[in-house]
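A closer look at the structure
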Amino acid sequence: GESVGLHLPTLSVQEGDNSIINCAYSNSASDYFIWYKQESGKGPQFIIDIRSNMDKRQGQRVTVLLNKTVKHLSLQIAATQPGDSAVYFCAEKSASAGGTSYGKLTFGQGTILTVHP
Amino acid sequence: ETGVTQTPRHLVMGMTNKKSLKCEQHLGHNAMYWYKQSAKKPLELMFVYNFKEQTENNSVPSRFSPECPNSSHLFLHLHTLQPEDSALYLCASSQEVWGLSPLHFGNGTRLTVT
C-alpha cells in the first residue's frame, strides 16, 4: 500500500545549528503535506503544511521543501534550540477525490531530533 | 493549549473492565478522529466522524466502540480489551475531512491493559 517514510530515525545536532529532517512519500496522488512535532507526553503539534502546487513554504524558523519529482519532503529548522528536541512526523494526504487514500492523512514513522546545548 | 482536550490522561484497566475515553474540541471543527499510537509504529487511524456521522472505520475490532454526539465531542468506549491494545490514544479534529486543512491533536490518553 501507499506509505510515507523517513530516511533517518534519529538526528543529533548542536544548539544553534540548522537541522534538516527528510521524508519520502510514495503516493503520487498526495497533494497536501504536513509536518508535526511531538514532545514527550504530548500529542502531535502542527508545525507547517504545504500544498502540492508549491515547492517551498516558510514559517517562523522552519521551512518546508517539496520535491514532487522525487517524492521528497524536508523540514529545515534554523538555529535549532534544545526546545526543538522532539519526534518529527511528516504526513501526507490526497485531497483530490477518488482512490482508496482519498481524504486520509497518512503518517510516517518519525525522526527523533536531539539538540545538545 | 491545543484546543483539543482528552480525558483521562492515563488509564489502567483490566481485560474485563469497561471504560470510556473522552475528547472535546473547542476549535469549531466539523471532523473528529481517533488514532492509536504504539511504540515503533506510525500513527494508526481508527475512526473518522464528519458532522457527527462516521465516515471511516479502519477495520477496528468491535471491542472499540466510538460515539460522536455532536461535532465537539467524541468518545471511545472500551470493553474486554487485550494487553496489545495498550497504547496512546489520540483524538484529533479538523475543519473538514476532505480538503486541505491540518488535524489538531489532543495530548492523548495513555492506556495500559493488564
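This is a predicted model, so every value here is computed, not measured.

Further remarks concern the pairing of strand β9 (residues 86-93) of chain A. Residue and element names in this part refer to chain A. Within β9, 7 of the 8 residues are buried, which leaves it mostly tucked inside the rest of the structure. Where strand β4 (residues 32-38) lies against β9, 7 bridges are found, and the strand directions are antiparallel. Residue Y32 lies in a different strand from β9, and its bridge partner there is K93. In the sheet, β9 pairs with strand β11 (residues 111-116) via 3 bridges, with the strands oriented antiparallel. Within the sheet, the bridge partner assigned to A86 lies in β11 and is L113. For β9 and strand β10 (residues 105-107), the ladder comprises 3 bridges, and the chain directions are antiparallel. Across the sheet, the residue bridging to A91 is F107, located in β10.

Moving on: the interface of chain B and chain A. Reports of interface size often rely on the accessible area that becomes lost once the parts have come together. Across the boundary between the two partners, chain B contributes 21 residues, which contact 22 residues of chain A. Contact between chain B and chain A buries roughly 1700 Å² in total, counting both sides, with carbon and sulfur atoms accounting for 58%. Here chain B and chain A share 1 salt bridge between them. With its nearest N and O atoms 3.2 Å apart, the salt bridge here joins E56(B) to K104(A). Between chain B and chain A we count 6 residue pairs in polar contact (both at pLDDT 80 or more) in total. Here the side of chain B that touches chain A is built from residues that sort into 11 nonpolar, 6 polar and 4 charged.

Right, let's get into the sheet that holds strand β3 (residues 18-25) of chain B. Residues and elements named next belong to chain B. A sheet is described by the order of its strands in space; here 4 strands give the open sequence β1-β3-β8-β7, paired in antiparallel fashion. Edge strands, defined here as strands with exactly one partner in the open sheet, are β1 (4-7) and β7 (64-70). Ignoring strand direction, the axes of neighbouring strands in this sheet form an average angle of 20°. Of the strand pairs in this sheet, β1 and β3 are connected by 4 bridges, and their pairing is antiparallel. Residue pairing across strands places Q6 opposite C23, the latter belonging to β3.

Here the focus is the confidence of the model for chain B. On average, residues of chain B score 93 in pLDDT, and 98% of them reach the 70 mark or higher. Confidence scores differ between elements of chain B, with strand β6 (residues 53-57) of chain B showing the lowest mean pLDDT of 87 and β1(B) the highest of 98.

Turning our attention to the environment of I112(A). Locating I112(A) in the fold gives a position in strand β11. Ignoring anything within four residues of it in the chain, the contact list for I112(A) reads P9(A), T10(A), L11(A), A86(A) and V87(A).

Turning our attention to the state of the cysteines. Here a disulfide denotes one covalent bond, and it connects the sulfur atoms of two cysteines. Taken as a whole and judged by the stated rule, the model has 2 disulfides over all chains. Disulfide pairing is shown between C23(A) and C90(A); the S-S distance is 1.8 Å. Because the sign of the S-S torsion sets the handedness, a value of about 55° for the bond joining C23(A) and C90(A) places this disulfide among the right-handed ones. Placement of C23(A) in strand β3 (residues 19-25) and of C90(A) in strand β9 is noted, with a sequence separation of 67 residues between them. Residue C23(B) pairs covalently with C91(B) via a disulfide, S to S 1.9 Å. The S-S bond linking C23(B) to C91(B) shows a torsion near -75°; that makes this disulfide left-handed. With C23(B) in strand β3 and C91(B) in strand β9 (residues 87-94), this pair connects stretches of sequence that are 68 residues apart.

As for its placement among the helices and strands, S94(B) is situated in strand β9. Classification of S94(B) by relative accessible area gives buried; the value is 0%.

Attention shifts here to the packing of aromatic side chains. Counting across every chain of the model gives 9 aromatic pairs over all chains. Taking 6.4 Å as the distance between ring centres and 35° as the angle between the ring planes, the aromatic pair formed by Y33(B) and Y35(B) counts as tilted. On the basis of relative accessibility, which here comes to 1%, the residue Y35(B) falls in the buried class. Put simply, the rings of Y36(A), F46(A), F107(A), Y33(B), Y35(B) and F105(B) pair up and form one aromatic cluster.

Another point: the nonpolar core. W34(B), F64(B), L76(B) and L78(B) are the most contacted members of the largest nonpolar core, which has 22 residues in total. Contributions of two or more residues to this core are made by β2 (10-13), β3, β4 (31-37), β5 (44-50), β7, β8 (73-79), β9 and β11 (109-113) of chain B. If you look at the next biggest cluster of nonpolar residues, it comprises 20 residues, including C23(A), L66(A), I77(A) and L113(A).

Reading the values: rules and limits
- Residues numbered from 1 in each chain as written.
- Chains lettered and ligands numbered in written order.
- Predicted model: local features only at pLDDT ≥ 70, side-chain atom pairs only at ≥ 80, totals over all residues.
- Heavy atoms only, no water.
- Buried < 20%, exposed > 50% of the residue type's maximum accessible area, 1.4 Å probe, protein only.
- Helix = DSSP H or I, 4+ residues; strand = E, 2+ residues; numbered from the N terminus.
- Pairing = 2+ DSSP bridges.
- Contact = heavy atoms within 4.5 Å.
- Buried area = accessible area lost by both parts, 1.4 Å probe.
- Salt bridge = Lys/Arg side-chain N within 4 Å of Asp/Glu carboxyl O.
- Polar contact = N/O pair within 3.5 Å; in protein donor to acceptor, adjacent residues only side chain to side chain.
- Nonpolar A, V, L, I, M, F, W, Y, C, P; charged D, E, K, R; others polar.
- Axes fitted to C-alpha atoms, helices over the stretch in contact; angles between N-to-C directions.
- pLDDT = per-residue confidence, 0-100.
- Disulfide = S-S within 2.5 Å.
- Phe/Tyr/Trp six-rings, centres within 6.5 Å; stacked < 30°, edge-to-face > 60°.
- Core = buried A, V, L, I, M, F, W, Y, C linked by side-chain atoms within 4.5 Å.

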